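Structural features, examined
Here's the letter readout for the chains.
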Amino acid sequence: MSVEKLSEEERKTWLSALPKWSLARDGDAIERKFEFDDFSEAFGFMARVALIAEKRDHHPEWFNVYNKVEITLTTHDAGGLSLRDVKMARKIDALLG
Ligand SMILES: C[C@H](O)[C@H](O)[C@H]1CNC2=NC(N)=NC(=O)C2=N1
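Residues numbered from 1 in each chain as written. Predicted model: local features only at pLDDT ≥ 70, side-chain atom pairs only at ≥ 80, totals over all residues. Heavy atoms only, no water.

Near the ligand the following residues occur: Asp57, His58, His59, Thr74, Thr75, His76 and Asp77. At a separation of 2.8 Å, a nitrogen atom of the ligand approaches a polar backbone atom of histidine 59. At 3.0 Å from an oxygen atom of the ligand is found a main-chain nitrogen or oxygen belonging to histidine 76. Notes on the ligand: free accessible area 390 Å², of which the protein chains cover 67%. Residues that form the shell around the ligand fall into these classes: no nonpolar, five polar and two charged. (Near = heavy atom within 4 Å. Polar contact = N/O pair within 3.5 Å; in protein donor to acceptor, adjacent residues only side chain to side chain. Areas by Shrake-Rupley, 256 points an atom, 1.4 Å probe, with all protein chains shown as cover. Nonpolar A, V, L, I, M, F, W, Y, C, P; charged D, E, K, R; others polar.)

What follows is the structure, given as structure tokens:
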């Protein structure tokens with residue numbers, strides 16, 4: 001599937017709507033850190049993210065230790081940040097209410 005990498009201008013616009021995410025990798029990715037009460041909460045969250053990722057065929061890069069989860073979103077097919085990452089970030093944010 002072909003996807004367009006966002007321009008610098010577009011990145012700024014979309015990122016302002018995602019205050020909890022920050023640009024990473026020279027603007028080619030966005031990341032957010034999460035902290036839960038314990039591992040069970042963290043892994044439950046990851047399981048829900050995994051189901052969304054599988055449905056959208058858009059997979060996060062992530063790191064987990066105990067109650068902490070760090071998620072990085074980038075679109076490999078676009079070689080950087082695309083609208084797919086923005087939409088995925090919104091879905092992830094929505095899981096947490
Ligand atoms: C072939 C398959 O559709 C692609 O490799 C998909 C799978 N999941 C993906 N996930 C992410 N994060 N970026 C991609 O470019 C991507 N591409």
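That was the structure; now back to the text.
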